[in-house]
Amino acid sequence: MTDSSLQADYTETDIRQLVTQFYAQVRQDGQLGPIFEQNVQNWDEHLDMLCDFWSAILLGTRRFKGAPIARHAALPELSWPLFERWLEIFNQTTATLGKPALQYKADAMADRIAAKLWQTYQAQSSQTRLPDTLPPGLERYSQSPVFTPDNLPDALRRAHNTKSGTWGLLRVQTGVLRFALDQEPFTEVVLTAGQCVAIEPQVLHHVEFELPGSFQIEFFKQVR
Ligand code: HEM
């Protein structure tokens, strides 16, 4: 079955039913339930947000304003088996709705998003932290423009480095940015609003937006 062979057979009402049924099951689950109970304060708000999320994905609406990557990255002790359990319950729920197009598209998107969330979580938690402050004795001499997904130069998305003696201090203003070293120790960090990373002279690295936002880099050199 392909996506295009199925006509959209669902509405906002079906999406709300999916979300409500799914989280009712999740809350009762021995592994997942406690994680949600510890982290969700207001279930009505949470379910509304998840309806907006799935409505954005399945119907192309634009109400969702969350930051799932950052939210999940901040949860302690996630594991891939937990994501598998999440997907198992999700697939069971979509199968009960009698809406093949909804089931097909929602299941496919859930797989992709779960993989992405896990990839980011793993990258973040296995990191040897990168420094977020510069060594003493440097002076600031310039700064980059504010970069967003719209003006981010391709060169910054590929391995590149600062020139000899130049340090950078990258600060994320909004959104979520992945910063990766392209040389030993090949560490990567997923930075959210307000977080910084210090960039050593000539060390190869690249960046990629995980969620749209903005960042800026200040440049420093040794005081003579
Ligand atoms: C191991 C699997 C998962 C666990 C334990 C989990 C747990 C949670 C928790 C506790 C929150 C609330 C966080 C907070 O408000 O601080 C949350 C939010 C959310 N989750 Fe998950 N989640 C999992 C997988 C997924 C997957 C696979 C998706 C999507 C396909 C998803 C979509 C969302 C969304 C959209 C939010 C709201 C994000 C926001 O507040 O911006 N989750 N999740």
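Residues numbered from 1 in each chain as written. Predicted model: local features only at pLDDT ≥ 70, side-chain atom pairs only at ≥ 80, totals over all residues.

- The protein chain goes by TehB/YeaR-like domain-containing protein in an unreviewed UniProt entry, where it is assigned to Alcaligenes pakistanensis.

### Some points on the confidence of the model for the protein chain
- Overall, the prediction assigns the protein chain a mean pLDDT of 90, with 95% of residues at 70 or greater.
- By mean pLDDT, the top-scoring element of the protein chain is helix H1 (residues 12–28) (98), and the lowest-scoring one is strand E3 (residues 188–192) (78). (pLDDT = per-residue confidence, 0-100. Helix = DSSP H or I, 4+ residues; strand = E, 2+ residues; numbered from the N terminus.)

### A few points about the domain arrangement of the protein chain
- Looking at the protein chain, the domain boundaries give domain 1 (3–124) and domain 2 (138–222).
- Here the C-alpha centroids of domain 1 and domain 2 sit 32 Å apart.
- If you look at the interface, domain 1 gives 7 residues, while domain 2 gives 7 residues.
- Of all the elements in the fold, those that place two or more residues in the side of domain 1 that touches domain 2 are helix H4 (68–73) and helix H6 (100–125).
- A breakdown of the residues in the side of domain 1 that touches domain 2 according to their chemical character gives 5 nonpolar, 2 polar and no charged. (Domains from an automatic or database assignment. Contact = placed C-beta atoms within 7 Å. Nonpolar A, V, L, I, M, F, W, Y, C, P; charged D, E, K, R; others polar.)

### Details of the site of the ligand
- If you check the shell around the ligand, you find 22 residues, and the closest are Asn39, Gly66, Leu82, Ile113 and Ala114.
- Breaking the shell around the ligand down by element, the ones donating at least two residues are helix H2 (33–39), helix H3 (43–59), H4, helix H5 (80–95) and H6.
- Take the shell around the ligand: its biggest share by element is 4 residues, from H6.
- When its residues are assigned to classes, the shell around the ligand shows 18 nonpolar, 3 polar and 1 charged. (Near = placed C-beta within 6 Å.)

### What about the packing of H5 against H6?
- Direction vectors running N to C along H5 and H6 enclose 170°, while the axes themselves pass 10 Å from each other. Taken together, the axes of H5 and H6 lie roughly antiparallel to each other. Packed against H5, whose contacting residues are Trp80, Phe83, Trp86, Leu87, Phe90, Asn91, Thr94 and Ala95, the element H6 presents Leu102, Gln103, Ala106, Asp107, Ala110, Asp111, Ala114 and Trp118 at the interface.
- Looking at side-chain class alone, the contact of H5 with H6 contains 11 nonpolar, 3 polar and 2 charged residues. (Axes fitted to C-alpha atoms, helices over the stretch in contact; angles between N-to-C directions. Parallel < 35°, antiparallel > 145°, perpendicular 65-115°, else oblique.)

### Quick look at the environment of Met109
- Counting through the fold element by element, Met109 comes out in helix H6.
- Judged by local crowding, Met109 falls into the partly exposed class, with 13 C-beta atoms found within 10 Å.
- For the pair Met109 and Ala180, spaced 71 residues apart in the sequence, the C-alpha separation amounts to 26 Å. (Buried ≥ 20, exposed ≤ 12 C-beta atoms within 10 Å, placed from the backbone.)

### Observations regarding unusual backbone geometry
- Of note, the amide linkage connecting Glu184 to Pro185 takes the cis form, showing an omega dihedral of 0°.
- With respect to the helices and strands, Pro185 occurs in the loop between strand E2 (166–181) and E3.
- In this structure, Glu77 is a non-glycine residue whose phi angle is positive, near 60°.
- For Glu77, the location among the structural elements is in the loop between H4 and H5.
- Assessed through the 7 C-beta atoms surrounding it within 10 Å, Glu77 is described here as exposed.
- With a phi close to 65°, Gln202 is a non-glycine residue in the positive phi region.
- In this fold, Gln202 is placed in the loop between strand E4 (196–199) and strand E5 (205–222).

### Examining the pairing of E2
- In this structure, E2 lies alongside E5, joined through 14 bridges in antiparallel fashion. Directly across from Arg178, in E5, lies its bridge partner Glu208.
- Strand direction decides the pairing type here: E2 and E4, joined by 4 bridges, are antiparallel. Among the inter-strand pairings, Gly168 is bridged to a residue of E4, identified as Ile199.
- Pairing analysis gives 5 bridges linking E2 to E3, with the strands arranged antiparallel. Looking across to E3, one finds that Phe179 is bridged to Val189.
- The turn joining E2 and E3, which pair antiparallel and follow one another in sequence, is formed by 6 residues; a positive phi near 55° is taken by Phe186. (Pairing = 2+ DSSP bridges.)

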